[in-house]
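Structure at a glance
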Amino acid sequence: MPIQEKNFWLDTANTPPVQSAVDLPHAVDVAIVGGGFCGLSAARPLAKRGVNVAVLEAETFGWGASCRNGGMVLTGMKLPTATLFKRYGREAVRKMYATTIESIDLVEQIVREENIDCNFSRCGHLEVACKQSHFDGFADSAALVEREFNHKLRIIPKNELGTEIGSDIYFGGMVDEASAGVNPARYVAGLARAAQRAGACLHDHTRVEKIEAELQNGVRKFRVRTSRGAITAREVMLASGAYTTEATPALRKKIIPIGSYIIATETLPAGLARELSPRNRMIYDSKHFLYYYRLTPDNRMLFGGRAAFFPETENTVRQSAEILRRGMVTVYPQLRDTKVEYVWGGTLDFTLDVMPHAGKIDDFYFAAGFAGHGVAAATWFGAKLAGLLCGEAGDNPFTAIPFPSAPIGLRSGHTWALPLAGLWYRVLDIFT
Ligand SMILES: Cc1cc2nc3c(=O)[nH]c(=O)nc-3n(C[C@H](O)[C@H](O)[C@H](O)COP(=O)(O)OP(=O)(O)OC[C@H]3O[C@@H](n4cnc5c(N)ncnc54)[C@H](O)[C@@H]3O)c2cc1C
């Protein structure tokens, strides 16, 4: 019998649902579209500063990528440093890299300040090399990162890799001790409650359908029409990630929605769990079409990957379970007979230049493009946008970079070209 879609994090979040405000207010200072890490991380400091803020979420808080991810709180950016230097220059990239370290500190600080019970742990991450040439590149990357960003990465040669991972298919690894792990569903629920305690109004099952600018007594405001009525806002912030809809077309045409899928096994005996991941790292491999995996707090192997280049559907989720199980057994033959108990999927918000972006679009504040780094990045960008909304001087190096539109076939809602893009990355994995 095929396994049914079920999200391990949601199943074990063990947190009471966030109590949403019943009636929509008539008017607010700031309306935030989207109740994931980004929107909630903005709402919390805004409300703490006395700003009247409403978070409008089409489904439930955290329903999007924020409760579907691997819970890896990662340093670094998706693109190689050399590519980034060429594109944006050394000074800008130094600032960008520093934000990725700062963003993990911010998650840790929020978890501590708000007393969020979400298994946050500074367990570090391990990148494993799928080819000798990838491992050779690790040493250059580590040297560059140390020289340019004053951040230390540790190279693990193949003959020492057994101290990090119970698999012998890799050519070596690279460890960053600054990264962390979290239960994302507990974290996002904790963020929502913290925002609410600070005074933000949270409205779930409230889909934003249209936003129009209008003049009220000579002042520009926004009329935000939702599935539960309209609300007037002085400013609007878009935090809708990969799930951005036609209600905000200017942002939607910049987002490339890419599906990613995760399985989780039954609980493993403690000895086996230790053998598979002796230091309990957040692990991912060096391919374009990569696998990412980790132990859960209750010792299951959580194994993700297979970017289907489609937003997730019930069908793609089910098909992914068997494909991912085979991938997991390739990495860990020890799990050949282990039962898979969970499978789920979600959609990542990629952009054409594979960078996060923030600032203003169509007069709305926005942040998006976190791809596989959004646990930390969306938290950081949300908090920074809150500062910007309150008139703080901008110190976000990502607001200054150009934000290219996605070609039509890769945009949200136009997914015919996504499988072709997927094929391209598979070809790259063979030849690079
Ligand atoms: C399978 C998977 C694994 C991942 N693994 C990792 C990982 O290990 N580490 C990591 O750092 N990142 C990971 N990510 C990425 C990370 O989860 C995201 O980058 C992050 O959650 C984005 O947060 P967000 O708040 O911007 O968007 P989301 O959490 O997607 O929230 C957007 C919300 O906006 C709402 N919305 C959209 N349109 C409207 C509208 N018109 N009206 C009202 N509401 C609307 C949606 O319902 C949604 O809830 C993963 C993502 C996926 C899918």
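Preceding this paragraph is the structure being described.
Residues numbered from 1 in each chain as written. Predicted model: local features only at pLDDT ≥ 70, side-chain atom pairs only at ≥ 80, totals over all residues. Heavy atoms only, no water.

**Describing helix H3 (residues 81-88)**
- Along H3, the residues classified as buried are Thr81, Leu84, Phe85 and Tyr88. Buried residues of H3 fall within an arc of 105 degrees about the axis and therefore sit on the same side.
- Where the residues of H3 are buried, they touch helix H4 (90-113) and helix H5 (132-149). (Buried < 20%, exposed > 50% of the residue type's maximum accessible area, 1.4 Å probe, protein only. Helix = DSSP H or I, 4+ residues; strand = E, 2+ residues; numbered from the N terminus. Arc of directions from axis to C-beta. Contact = heavy atoms within 4.5 Å.)

**Section: the pairing of strand S16 (residues 340-350)**
- With respect to burial, S16 is a largely interior element, nine of its 11 residues being buried.
- When strand S12 (residues 256-265) meets S16, the two strands line up antiparallel, connected through 10 bridges. From the neighbouring strand, isoleucine 256 faces S16, where its bridge partner is phenylalanine 350. (Pairing = 2+ DSSP bridges.)

**A word on the packing of H3 against H5**
- Here H3 crosses H5 at 45 degrees, and the two axes come no closer than 10 Å. Between H3 and H5, the interaxial angle falls into the category oblique. Within the contact between the two elements, H3 uses Thr81, Ala82 and Phe85 and H5 uses Leu144, Val145, Glu148 and Phe149.
- Partitioned by chemical class, the residues of the contact of H3 with H5 number five nonpolar, one polar and one charged. (Axes fitted to C-alpha atoms, helices over the stretch in contact; angles between N-to-C directions. Parallel < 35°, antiparallel > 145°, perpendicular 65-115°, else oblique. Nonpolar A, V, L, I, M, F, W, Y, C, P; charged D, E, K, R; others polar.)

**Here we look at the site of the ligand**
- Inspection of the region around the ligand gives 38 residues, with Glu57, Ser66, Met72, Val208 and Val375 positioned closest.
- Contact distances for the ligand include 3.2 Å between an oxygen atom and a backbone N or O atom of glycine 64.
- Interatomic distance of 3.0 Å between a backbone N/O atom of glycine 374 and an oxygen atom of the ligand.
- Within the complex, the protein chains bury 98% of what would otherwise be the 1,000 Å² of accessible surface of the ligand.
- Listed by contribution, the elements that provide at least two residues to the shell around the ligand are helix H2 (37-48), S16 and helix H10 (374-389).
- It is S16 that provides the largest number of residues to the shell around the ligand, a total of four residues.
- Among the residues making up the shell around the ligand, the classes are represented as 17 nonpolar, 17 polar and four charged. (Near = heavy atom within 4 Å. Polar contact = N/O pair within 3.5 Å; in protein donor to acceptor, adjacent residues only side chain to side chain. Areas by Shrake-Rupley, 256 points an atom, 1.4 Å probe, with all protein chains shown as cover.)

**A short note on the packing of aromatic side chains**
- Inspection of every chain in the model, using the stated rule, returns 15 aromatic pairs.
- Centroid distance tryptophan 63 to tyrosine 243: 5.2 Å. Interplanar angle 65 degrees. Geometry classified as edge-to-face. In this pair, tryptophan 63 sits in the loop between strand S2 (53-56) and strand S3 (72-73) while tyrosine 243 sits in the loop between strand S11 (229-238) and helix H7 (249-252), placing the two residues 180 residues apart along the sequence.
- Aromatic side chains phenylalanine 366 and phenylalanine 403 sit 5.6 Å apart centroid to centroid with 15 degrees between the ring planes, which places their arrangement in the stacked category. Taken together, the residues phenylalanine 366 in strand S18 (residues 364-368) and phenylalanine 403 in the loop between H10 and helix H11 (418-431) connect sequence positions 37 residues apart. Phenylalanine 403 carries the same exposure label as phenylalanine 366, and that label is buried.
- Three or more aromatic residues joined by ring pairs make a cluster, and in this case those are Tyr291, Tyr293, Phe303 and Tyr332.
- Residue placement shows arginine 68 over the ring face of tryptophan 63; its charged tip is 4.7 Å from the ring centre.
- In this structure, lysine 254 packs its charged tip against the face of phenylalanine 403, placed 5.0 Å from the ring centre. (Phe/Tyr/Trp six-rings, centres within 6.5 Å; stacked < 30°, edge-to-face > 60°. Lys NZ or Arg CZ within 6 Å of the ring centre and 35° of its normal.)

**Overview of unusual backbone geometry**
- The residue asparagine 299 is not glycine, and still its phi comes out positive at about 65 degrees.
- Checked against the element boundaries, asparagine 299 lands in the loop between strand S14 (292-295) and strand S15 (301-305).
- The exposure class of asparagine 299 is partly exposed, given its relative accessible area of 23%.
- The phi dihedral of valine 354 is positive, around 55 degrees, even though this residue is not glycine.
- Its place among the elements puts valine 354 in the loop between S16 and strand S17 (357-361).

**Focus on the environment of glycine 369**
- In this structure, glycine 369 sits in the loop between S18 and H10.
- In sequence terms glycine 369 and lysine 254 are 115 residues apart; their C-alpha atoms lie 8.9 Å from each other.
- Contacts of glycine 369, omitting those with residues within four sequence positions, involve Asp349, Thr351, Met355 and Pro356.

**Some details on the environment of arginine 186**
- If you trace the backbone, arginine 186 turns up in helix H6 (residues 184-198).
- For the pair arginine 186 and cysteine 67, spaced 119 residues apart in sequence, the C-alpha to C-alpha distance is 8.1 Å.
- Ignoring anything within four residues of it in the chain, the contact list for arginine 186 reads Thr12, Ala13, Asn14, Thr15, Ile116, Asp117, Cys118 and Asn119.
- Among the polar contacts listed, one links the side chain of arginine 186 to the side chain of aspartate 117, at a separation of 3.4 Å.

**Some thoughts on the pattern of salt bridges**
- For the coordinates displayed, the defined rule picks out 32 salt bridges.
- Across the pair arginine 207 and glutamate 59 runs a salt bridge whose closest N-O atoms are separated by 3.1 Å. You can see arginine 207 sitting in the loop between strand S8 (201-203) and strand S9 (208-216) and its partner glutamate 59 sitting in the loop between S2 and S3, a full 148 residues away along the chain.
- By relative accessible area, which is 25% here, glutamate 59 ends up partly exposed.
- Look at the salt bridges and you will find they share partners, linking Arg44, Lys48, Glu113, Glu114 and Arg197 into a network. (Salt bridge = Lys/Arg side-chain N within 4 Å of Asp/Glu carboxyl O.)

**A look at the state of the cysteines**
- This structure, assessed with the given rule, holds zero disulfides.
- In this structure cysteine 67 is not part of a disulfide, and its nearest cysteine sulfur, from cysteine 118, lies 14 Å away.
- The class of cysteine 67 is buried, set by a relative accessible area of 5%.
- Take cysteine 390: it sits in no disulfide, and the sulfur closest to it among the cysteines is that of cysteine 38, at 15 Å.
- Under the relative-accessibility criterion, cysteine 390 is labelled partly exposed at 31%. (Disulfide = S-S within 2.5 Å.)

On their own, these measurements won't tell you what the molecule is for.
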